[in-house]
Amino acid sequence: MAHQDCINCKTTYGIDEVVYFCKKCGDILEIKFDPNELAENAKAIEWKTIPLSVWRYRPFMPIHESTRLVTLGEGGTGLHRSERLGAELGIQNLYIKNEGENPTGSFKDRGMTVGVTKAVELGARHVICASTGNTSASLAAYAARAGIRCTVLIPSGKIAYGKLSQAMIHGAKVLQVRGNFDEALEFVFKLSEKHRDIYLLNSINPFRVEGQKSLGYEICDQLNYEAPDRIIIPVGNAGNISAVWKGLTEFYQLGLIKKLPKMTGIQAQGSAPIAQAIQTDSDQIIPVQNPETIATAIRIGAPVSWKKAINAIRESHGTAEIVTDDEILDAQKTLARIEGIFVEPASASSIAGLKKLIKKGVVANDEKVVCITTGHGLKDPDTAIKQSDEPIEVDADIGAIEAALGLKKAILAR
Ligand SMILES: *Cc1c(COP(=O)(O)O)cnc(C)c1O
Ligand SMILES: [Zn+2]
C-alpha cells in the first residue's frame, strides 16, 4: 500500500494512521506510492468501461478495495476547446478545463470525495474544517452524503453567504469564532488533536491532494495522452497546483504521457507570495500579512503547500504571474461573453495570467495551453452583477420593447 511521507524529513507514516503533521519536524505530509505498485495498479484500471471521473482512477487512490465510496459523481468536467478566446488572446490551441462543473461547483469535490471516503474508512463520524469558501461547501455536501457530522469554523467579520449557504443547507454546524482566520484554523487543529474521532479536512490533508491529482490525469485522458505544453492554474494555498503536478508525474512515470507540461501558477496582486518567490528566484516565501483581492478563493497570505508548488513550477520549467483585480474581472467577463463559461473571479485569474504571459512573450502562440477554471460563477453573483448592465425596465408594449432593443417597428401584414 501507499504511505504518508513528510515532505521535509521524509519520515514515513502508515496510510491508516491519523496524522496531520510530521511528528518529528512539523512539516506537511504527502502520499507516496511505490512506482512498481503504481504500475501494477494501473493494470487494474478499466480504461474502456469506466467514464471520466475521479474514481476511474481508483487503483491510484490510497483507499482500500473493500471501502464504500462517498461520491456525488465528481470529476469528468469538460475540457473546452476555446477557439474564440484563443483568437482574442492570440493563441491557436487553448482549452478551458472547467472545474465549476463539479457537484458543488468547484474542484474541491475531487479532494473531498477521497478525503471523506478516507475519513469514514478510518472510522470518523465527524469532520471539520476552517473555511468560508468552497472547502466548507464541499465538505458539508460530502459529510451529508456519508451521513456524518460536519463542523465549519469561520472567523468574525462580515459573512459572504454565497458559498457558506451551501455549507448551511447541507446541515453543517457553522461556528463563527470571535477571532481571525488563523485563530479559527488553530482551533480546528486543536479539536482534531483533542478529539480523535473528529477528522480534519483542511488544506493540509494529503488525501484531498490525492483526489485532486485526478485533474492532471483527466487532462491527459481528454487530450488522448498527449500532455499540453502548459497548464495554467490559479494558486491560493497551492494544494491544487501541487496535486495536478503529482498526477502528471505519476502518468509520466507510468509511461502514459511522453512529456510534462510547464506548470504555471497565477496569483492575485496583494496576495502573491509564491509568484513573488518564483519571480525573485527565492527558495522562501514572504507571507503576506493582510492579503487583499476580489478573488477571495485565492486570498491567501501564507499558502500551506508553497514548497510543493515552487517545486512543481521549477521542476516543470514553468513560471508564475501576478494579476490585478481589474485584469481578473476583465477576464471573467470576456470568458463569459465569448465562450459561455461563467466562473468565479479566482478562476478567471488563469485567463488573466495567460493574457499577460502572451503579451510578455513568455507563452508562444503555438503552445497548447490548458487554463483551469476552478469554480462556478454563481458562487459569487454579486461581483458578476456589479460588472454587468442592469435590466432595463420598459412598458408592457411591443413598441417600447422594440425601441429598447433598437429594432425597427414591425410592419404588420394587412
Ligand atoms: C480553493 C480554490 C482555489 C485555490 O486552490 P489552492 O489549492 O488553495 O491553491 C482557487 N479557486 C477556487 C475557486 C477555489 O475554490
Ligand atoms: Zn518531518
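This text goes with the structure placed above it.
Below is a summary of the structure that appears in this document. These numbers were taken from a predicted model, which means no experiment stands behind them.

Turning next to the pattern of salt bridges. According to the stated counting rule, one finds 23 salt bridges in the structure shown. Between K307 and D27 there is a salt bridge, and its shortest N-O distance comes to 2.5 Å. Within this pair, whereas K307 is found in helix α11 (residues 306-315), its partner D27 is found in the loop between β2 (12-13) and β3 (29-32), the two being separated by 280 residues in sequence. Residue D27 is classed as buried on the basis of its relative accessible area, which comes to 14%. With a closest N to O distance of 4.0 Å, D281 and R314 form a salt bridge. With D281 in the loop between α10 (273-279) and α11 and R314 in helix α11, this residue pair connects regions lying 33 residues apart in the sequence. When its relative accessible area of 64% is taken as the criterion, D281 is described as exposed. According to the relative accessible area criterion, R314 is partly exposed, its value standing at 30%. Here the salt bridges share partners, and the residues they tie into one network are K97, E99, R110 and E218.

Our next topic: empty space enclosed by the protein. Under the defined criterion, the tally for this structure stands at one cavity of 30 Å³ or more. What lines the largest cavity is Q4, E17, V18, V19, Y20, L122, Y199, N205, P206 and F207. Partitioned by chemical class, the residues of the lining of the largest cavity number seven nonpolar, two polar and one charged.

With that out of the way, let us pick up helix α1 (residues 35-42). Looking only at α1, the buried set comprises E37, L38, N41 and A42. One side of α1 holds all its buried residues, which, seen down the axis, span an arc of 140°. Against α9 (239-253) lie the buried residues of α1.

With that settled, the discussion passes to the coordination of the zinc ion (ligand 2). The protein atoms that coordinate the zinc ion (ligand 2) are C6 (SG), C9 (SG), C22 (SG) and C25 (SG), at distances of 2.3 Å. Seen from the zinc ion (ligand 2), its four donor atoms lie at angles of 96 to 120°, and the figure they make is tetrahedral. When the donors of the zinc ion (ligand 2) are listed by position in the chain, the intervening gaps give C-x2-C-x12-C-x2-C. Here the residue C9 occupies a position in the loop between β1 (3-6) and β2, and C22 occupies one in the loop between β2 and β3, the gap between them amounting to 13 residues.

What counts and how
- Residues numbered from 1 in each chain as written.
- Chains lettered and ligands numbered in written order.
- Predicted model: local features only at pLDDT ≥ 70, side-chain atom pairs only at ≥ 80, totals over all residues.
- Heavy atoms only, no water.
- Salt bridge = Lys/Arg side-chain N within 4 Å of Asp/Glu carboxyl O.
- Helix = DSSP H or I, 4+ residues; strand = E, 2+ residues; numbered from the N terminus.
- Buried < 20%, exposed > 50% of the residue type's maximum accessible area, 1.4 Å probe, protein only.
- 1 Å grid on protein atoms, 1.4 Å probe; cavity = no way out; pocket = protein on both sides within 12 Å on 5 of 7 lines; lining within 4 Å.
- Points joined across faces, edges and corners; volume = space filled by probe spheres on them.
- Nonpolar A, V, L, I, M, F, W, Y, C, P; charged D, E, K, R; others polar.
- Arc of directions from axis to C-beta.
- Contact = heavy atoms within 4.5 Å.
- Donors = N, O, S within 2.8 Å, 3.2 Å for Na, K, Ca; no water.
- Tetrahedral: all angles 85-135°; square planar, octahedral: opposite > 155°, others 65-115°.

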